[in-house]
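Single-letter residue listing:
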Amino acid sequence: MPEIYPCLPDFPKRGNNSFLKSPHSVRAGGIQWPFVRCGVWIFLRAKGRKALKILVCDGMHESGLAILQGFRELQVDVPEQISPLEVKERISQYDAVVVRSRTRITAEVLREACRLKVIGRAGTGVDNIDVQAASARGILVMNTPGANAMAAAEHTLAMILSLARHVPQATQSMKEGRWEKKRFVGTELFHQTLGIIGLGKIGSIVADRAIAMKMDVIAYDPHILPEAAAILGVESVSLDELLARSDFITLHTPSTAETRRIINRENLAKTKPGVRIINCARGDLVDEDALHEFLRSGHVAGAALDVFAQEPPKGSPLLKLDNVVLTPHLGASSIQAQANVSRTIASQIADYLLYGIIRNAVNFPSINPKDYEKIRPYLVLAERLGSLQGQICSPVQRLEIEYSGSELETLPLQPLTQTVIKGLLDPVLAEKVNLVNAPLLLRERQIELLASSTSEAPGYTGMITVRVRGKKGESSAAGTVFPGGELRLVRLNNYRLEAELEGINLIVQNLDKPGTIGFIGTTLGNFNVNIANMHLSRTPQRDRAIAIIRIDEEAPQEALDALRTHPNIVSVEQFKLNAGAQ
Ligand code: NAD
Ligand code: MLT
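Note that the structure is a prediction, hence the values are computed from the model and not measured.

What counts, and where the lines are drawn
- Residues numbered from 1 in each chain as written.
- Chains lettered and ligands numbered in written order.
- Predicted model: local features only at pLDDT ≥ 70, side-chain atom pairs only at ≥ 80, totals over all residues.
- Heavy atoms only, no water.
- Buried < 20%, exposed > 50% of the residue type's maximum accessible area, 1.4 Å probe, protein only.
- Helix = DSSP H or I, 4+ residues; strand = E, 2+ residues; numbered from the N terminus.
- Pairing = 2+ DSSP bridges.
- Salt bridge = Lys/Arg side-chain N within 4 Å of Asp/Glu carboxyl O.
- Near = heavy atom within 4 Å.
- Polar contact = N/O pair within 3.5 Å; in protein donor to acceptor, adjacent residues only side chain to side chain.
- Areas by Shrake-Rupley, 256 points an atom, 1.4 Å probe, with all protein chains shown as cover.
- Nonpolar A, V, L, I, M, F, W, Y, C, P; charged D, E, K, R; others polar.
- Axes fitted to C-alpha atoms, helices over the stretch in contact; angles between N-to-C directions.
- Contact = heavy atoms within 4.5 Å.
- Lys, Arg positive; Asp, Glu negative; His and termini not counted.
- Parallel < 35°, antiparallel > 145°, perpendicular 65-115°, else oblique.
- Left-handed = near helix turned anticlockwise from the far one by under 90°.
- Phe/Tyr/Trp six-rings, centres within 6.5 Å; stacked < 30°, edge-to-face > 60°.
- Lys NZ or Arg CZ within 6 Å of the ring centre and 35° of its normal.
- Core = buried A, V, L, I, M, F, W, Y, C linked by side-chain atoms within 4.5 Å.
- Domains from an automatic or database assignment.
- Expected span 1.5 Å × (residues − 1).

1. A closer look at the pairing of strand β23 (residues 504–511)
Burial analysis of β23 places 6 of its 8 residues in the buried class, which makes it a mostly covered element. Here β23 runs beside strand β25 (residues 544–551); their pairing, made up of 8 bridges, is antiparallel. If you follow N510 over to β25, its bridge partner there is A545.

What follows is the structure in structure tokens.
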């Protein structure tokens, strides 16, 4: 069996690629197209024999390693403790890298990553990975959302209870030979208010457990509807209200521009005296200097921290305070969570490297399986319309994509847009263009993008129109999918057509005068270029006509020049679509 390489980073390309068929794969419009099951994409392409190498940086639970090691096609290296310098030095040998939170995959590391296809994060937060730099290089970044949520939520509960009843401090005191009952009088959780910032996967589990302990739970999450919070038994409030009402505040958001230092001096000043703060999310959500100040003053009665701005937090004054409970980023460190994230990322990486299946990518849009069945032929159409325009109109300054028709109305359009862009840029760029880096490459080339959808019925159930403006002027190409999945170019500028979007084609525009078609046929015959089929159209005024001529092999430049010598011929362009037809 030939080695299988993922197709997403440079899927259907002109050339002699052979496409393998997986049990899930489907042919549409002549080329192998991704098939989605359970929100995943599958792309396939076969190539020569070469082991796919995976570098596992921060250790991995044996159950995940066993999955990777179970494939003969995969070679897995698990160095004991790899330094940042070693990662940089070795990354060029690998097709995939798996990290937890210790190893940073920076832009500098990625510059060396010439064969890297995927970065797997065995965990949730991807803040140790430069996702933008990875996207620019067409490298997929995937994580395992939720796989360690239970562990992190339960750890948060452990932190809340530890804080409330001084468990770690009392343990330490006893180990030092004391019996200090008065010193460690705690507080009950019953009817105390827990304020949750970030009501996502972990925040929701924490809420559920806290409600079971009869706490009053309020939450601030601007991205969750109050109705959705209410279903969980949680009252949705503003940040200020949460700060003012909470006895315990726990953080469960990702680190973003809005959440970084959300617990700062100003917000701490709005909290109740005696409040307790728990952070098991990300260190930079808290201004540690401000927290230190408020803990020292006693306004904040205690803090429980699992994560730190710098890890480990060497020399942090927080380590010295009695009213602080600390754990070394242990939120996800349960046996079950480690096995879970490890198995999840291992199968995601193997599926991607071996079959091109994409799950949980953070830099690629996902499509649910139901939509995917409908969108699949339109993805092929989008790629081909983009490619057609890229070949006949480059360099392009502006790209406008319009989606119309009832079938497209309910489908996710972002993957289609990325596919048009990929099609547009792929024929003209030497560098690798794929669905991950296509939008960035478009921006880098200062190409303006406008994507819109209209409910207007275009006469087809679904139509994609790709308009480009470039140095050569403007061009508009519209296509549709006929029943049975046949792709058709139905409009090219002012011409109405029904041309196939396959293989090698010539577009010949001419004055609508007798004898021109005969001349085209004879001239191509003189250069031994065989015509497979031809679609003709003309303007309503009948002054100009167009011929889309499918040919069996590429026409040499001399044949194109010879066609251009005829006085009735206005323009001749050649374009090539998909490998399957060549
Ligand atoms: P999630 O994506 O399911 O939930 C995050 C929630 O934060 C979402 O509901 C989102 O709407 C909300 N949010 C985003 N911006 C916000 C803002 N400005 N204000 C308030 N809420 C906002 O993520 P999750 O799986 O629940 O993970 C939460 C955090 O926990 C992440 O930072 C993750 O990296 C961290 N984590 C830590 C550990 C650990 O070992 N300590 C383990 C797992 C996850
Ligand atoms: C995560 O984001 O998943 C956590 O930080 C857990 C970890 O990787 O240790």
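Once the structure has been displayed, the description carries forward.
2. Thoughts on the pattern of salt bridges
Under the criterion given, the structure shown has 31 salt bridges. R102 is paired through a salt bridge with D58; the nearest N and O atoms lie 3.4 Å apart. A residue pair is termed long-range when its members are at least 10 positions apart, and R102 in the loop between β7 (96–99) and α3 (107–111) and D58 in the loop between β5 (52–56) and α1 (62–69) qualify at 44 residues. For R102, a relative accessible area of 38% gives the class partly exposed. Overall, D58 belongs to the buried group, its relative accessible area being 16%. As a salt-bridge pair, R245 and E241 come within 2.7 Å of each other at their nearest N and O atoms. One end of the pair is R245 and the other is E241, both in helix α9 (residues 239–245) and 4 residues apart, which spans about a single turn. Judged by its relative accessible area of 33%, E241 falls in the partly exposed class.

3. Here we look at the site of ligand 1
With respect to spatial proximity, 26 residues lie near ligand 1, and among them K201, I202, D221, T253 and C280 are the closest. Between ligand 1 and G125 there is a distance of 3.4 Å, counted from an oxygen atom to a backbone nitrogen or oxygen. Here an oxygen atom of ligand 1 and a side-chain polar atom of H329 are 3.4 Å apart. Relative to its unbound accessible surface of 870 Å², ligand 1 loses 89% to contact with the protein. Taken together, the residues that form the shell around ligand 1 break down as 10 nonpolar, 11 polar and 5 charged.

4. Structural notes on the sheet that holds β25
Across the sheet, which stays open at both edges, the 4 strands sit in the order β24-β25-β23-β26 with antiparallel pairing between neighbours. The sheet is open, and its two borders are formed by β24 (531–538) and β26 (569–576), each paired with just one other strand. Across the sheet, the mean angle from the axis of one strand to that of its neighbour is 15 degrees, orientation sign disregarded. Relative to β26, β23 runs antiparallel, the two sharing 7 bridges. Among the inter-strand pairings, L506 is bridged to a residue of β26, identified as Q574. Running over the sheet, helix α18 (residues 557–564) touches β23 and β26 and is turned about 155 degrees from β26.

5. Overview of the side chain of K53
Within the secondary structure, K53 is located in strand β5. Of the buried charged residues, K53 lacks a salt bridge, with D77 as the closest side chain of opposite charge at 4.3 Å. Apart from residues no more than four positions distant in its own chain, K53 is found in contact with Q75, D77, Q93, Y94, D95, A96 and R115.

6. What about the packing of α1 against helix α12 (residues 335–355)?
The packing of two helices is summarised by the inter-axis angle and the distance between the axes. The N-to-C vectors of α1 and α12 enclose an angle of 15 degrees; their axes lie 7 Å apart at closest approach. It follows from the interaxial angle that α1 and α12 lie roughly parallel. The two elements α1 and α12 cross, and the hand of that crossing is right-handed. Residues S63, G64, L65, I67 and L68 of α1 lie in contact with α12, whose contacting residues are A339, S342, R343, A346, S347, I349 and A350. Looking at the contact of α1 with α12, its residues break down into 7 nonpolar, 4 polar and 1 charged.

7. Here's the deal with the packing of aromatic side chains
Inspection of the entire model under this criterion finds 0 aromatic pairs. The positively charged end of K53 is found above the aromatic ring belonging to Y94, 4.9 Å away from the centroid.

8. A short note on the site of ligand 2
Looking at ligand 2, the residues that line it are R100, S101, R121, G123, T124, G125, N148, R282, H329 and A332. Between ligand 2 and R100, the relevant distance is 3.0 Å, taken from an oxygen atom to a side-chain nitrogen or oxygen of the residue. Between an oxygen atom of ligand 2 and a main-chain N or O atom of G125, the distance comes to 2.8 Å. When the free accessible area of ligand 2 is taken as 270 Å², the share hidden by the protein chains comes to 92%. When grouped by side-chain class, the residues that make up the shell around ligand 2 number 1 nonpolar, 6 polar and 3 charged.

9. Examining the sheet that holds strand β18 (residues 448–454)
Pairing is mixed across the open sheet formed by 6 strands, whose spatial order is β18-β17-β19-β20-β21-β22. Across the chains shown, the open sheet's two edge strands, defined by having one partner strand only, are β18 and β22 (495–500). Taking the axes of each pair of neighbouring strands and ignoring which way they run, one obtains an average angle of 20 degrees across the sheet.

10. Thoughts on helix α11 (residues 288–297)
Residues E288, A290, L291, H292, F294 and L295 constitute the buried set of α11. In this structure, the buried side of α11 is in contact with α10 (265–269), β14 (275–279), β15 (300–305) and β16 (324–326). Taking the backbone nitrogen of D289 as reference, a side-chain oxygen 3.1 Å away marks D287 as the first, capping residue of α11. One or two steps after α11, the chain reaches G298, where phi turns positive at roughly 90 degrees.

11. Examining the nonpolar core
Counting 46 residues, the largest nonpolar core has L399, L416, L425, I464 and L489 as its most contacted members. Looking at this core, the element that brings in the most residues is helix α13 (residues 369–393), giving 11 residues. Split by domain, the residues of this core number at least three in each of domain 3 (368–493) and domain 4 (502–582). Ignoring anything within four residues of it in the chain, the contact list for L489 reads L385, L388, A477, A478, G479, L497, E498, A499, L501 and I548. With 28 residues, the next largest nonpolar core counts L65, L140, I345 and A346 among its residues.

12. Structural notes on the environment of D95
The residue D95 is located in the loop between α2 (84–90) and β7 in this model. Between the C-alpha atoms of D95 and L399, which are 304 residues apart in sequence, the distance is 33 Å. For D95, the residues in contact, after removing those within four places along its chain, are A51, L52, K53, R115, L116, K117, V118 and L353. Separated by 2.7 Å, the side chains of D95 and K117 make a polar contact.

13. Considering helix α7 (residues 201–212)
With 12 residues, α7 should reach 16 Å at 1.5 Å per residue; the first-to-last C-alpha distance of 17 Å fits that figure. Within α7 the residues assigned to the buried category are I202, G203, S204, I205, V206, A207 and A210. Its buried side turned inward, α7 meets α5 (149–165), β10 (193–197), β11 (216–220) and β13 (248–251).

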